Amino acid sequence: MLARFLYTPTGRIRPRRMILVVGGAVAFAIFGTFLLVLTPVIGQDREGVETVWVLFSVFLLKFPLVFLLWWFIARNKEWPVRPPKWSEEETREIMAYLVSEADRSMALPDARQRLAYLQREAWNVADRVGGDLKVDAVNVALHIDQLQTQPRPRGTRRP
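Thresholds applied
- Residues numbered from 1 in each chain as written.
- Predicted model: local features only at pLDDT ≥ 70, side-chain atom pairs only at ≥ 80, totals over all residues.
- Heavy atoms only, no water.
- Helix = DSSP H or I, 4+ residues; strand = E, 2+ residues; numbered from the N terminus.
- Rg over C-alpha atoms; globule rule 2.2 N^0.38 Å.
- Buried < 20%, exposed > 50% of the residue type's maximum accessible area, 1.4 Å probe, protein only.
- Contact = heavy atoms within 4.5 Å.
- Areas by Shrake-Rupley, 256 points an atom, 1.4 Å probe, with all protein chains shown as cover.
- Phe/Tyr/Trp six-rings, centres within 6.5 Å; stacked < 30°, edge-to-face > 60°.
- Axes fitted to C-alpha atoms, helices over the stretch in contact; angles between N-to-C directions.
- Parallel < 35°, antiparallel > 145°, perpendicular 65-115°, else oblique.
- Nonpolar A, V, L, I, M, F, W, Y, C, P; charged D, E, K, R; others polar.
- Salt bridge = Lys/Arg side-chain N within 4 Å of Asp/Glu carboxyl O.
- Core = buried A, V, L, I, M, F, W, Y, C linked by side-chain atoms within 4.5 Å.

(A) Structural detail: the overall build of the protein chain. Along the backbone of the protein chain there are seven helices and zero strands. Against the globule reference of 15 Å for 159 residues, the protein chain gives a C-alpha radius of gyration of 27 Å, more extended than a compact globule. In terms of overall dimensions, the protein chain has C-alpha extents of about 85 × 35 × 30 Å along its principal axes. The 159 residues of the protein chain split such that 23% are buried. Intrachain contacts of the protein chain at a sequence separation of at least 6 include 57% that bridge at least 24 residues. On the protein chain, roughly 11,400 Å² of surface is accessible, and the fraction owed to carbon and sulfur atoms is 64%.

Printed below as a string of structure tokens:
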């Protein structure tokens, strides 16, 4: 339920809702801290009241923030030392960016180095995906390779 509220069906964050939920959890935690400071005043030497007061302040007011942060950590798809898991849309965005940067870099003086880097990135994408996306990523890498062999536009210098 929280995932549907905070994220769109495609997995994008809904910023206003995210700010509202995180802000509310932080506000509850701060309010819980304030109530803990007031424990000696409220309890007035009654241990039962103080115990209930502290449990309420800690568990009901601070636990939502701890739960929310733990949920964000556990929901993270990417872990260190593991290859990232890109959605089909993310992969297509990466490939479109690589093509646009390759086309843009043709007029720059350091085009050869940029194209070499972009080609390595395209092959990296091709290594991490499968199916039709792999074919598209290979095509992007080959397109960048073809750009490297094309003559440079007039007015640009070779490094």
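(B) Seen up close, the packing of aromatic side chains. A full pass over the atoms with the stated rule returns three aromatic pairs. Where Tyr7 meets Trp71, the ring centres are 6.1 Å apart and the plane angle is 50 degrees; that geometry is what we call tilted. Taken together, the residues span a long stretch of sequence, with Tyr7 in the loop between helix H1 (2-6) and helix H2 (15-37) and Trp71 in helix H4 (residues 47-75) at a distance of 64 residues. Here Tyr7 and Trp71 have matching classes, each one buried. Connected via pairs of aromatic rings, a cluster forms that spans Tyr7, Trp71 and Phe72.

(C) Quick peek at the packing of helix H5 (residues 88-105) against helix H7 (residues 132-149). At a closest axis distance of 10 Å, the pairing of H5 and H7 adopts a crossing angle of 5 degrees. In terms of orientation, H5 and H7 fall into the roughly parallel class. Seen from H5, the contacting residues are Glu88, Thr91, Arg92, Met95, Leu98, Val99, Ala102 and Asp103; seen from H7, they are Leu133, Asp136, Ala137, Val140, His143, Ile144 and Leu147. Looking at the contact of H5 with H7 residue by residue, the class counts come to nine nonpolar, two polar and four charged.

(D) Expanded view of the pattern of salt bridges. Inspection of every chain in the model, using the stated rule, returns six salt bridges. In this structure, the salt-bridge partner of Arg12 is Glu89, at a minimum N-O distance of 3.0 Å. Of this pair, Arg12 sits in the loop between H1 and H2 while Glu89 sits in helix H5, placing them 77 residues apart in sequence. Residue Asp110 is joined to Arg114 by a salt bridge in which the shortest nitrogen-to-oxygen separation is 2.8 Å. The class of Asp110 is partly exposed, set by a relative accessible area of 29%. Each of Arg12, Glu89 and Glu93 takes part in a single network of salt bridges with overlapping partners.

(E) The nonpolar core, seen in detail. Met95, Leu98, Ala102, Leu115, Ala122, Val140 and Ile144 are the most contacted members of the largest nonpolar core, which has 16 residues in total. Among the secondary structure elements, those contributing two or more residues to this core are H5, helix H6 (111-128) and H7. For this core, the leading source of residues is H7, giving six residues. Non-local contacts of Ala102, meaning those with residues more than four positions away in its chain, are made with Leu115, Leu118, Ile144 and Leu147.

(F) Geometry of the environment of Arg120. You can see Arg120 is positioned in helix H6. For the pair Arg120 and Glu47, spaced 73 residues apart in sequence, the C-alpha separation works out to 67 Å.

Purely spatial values, then, with no claim about function.
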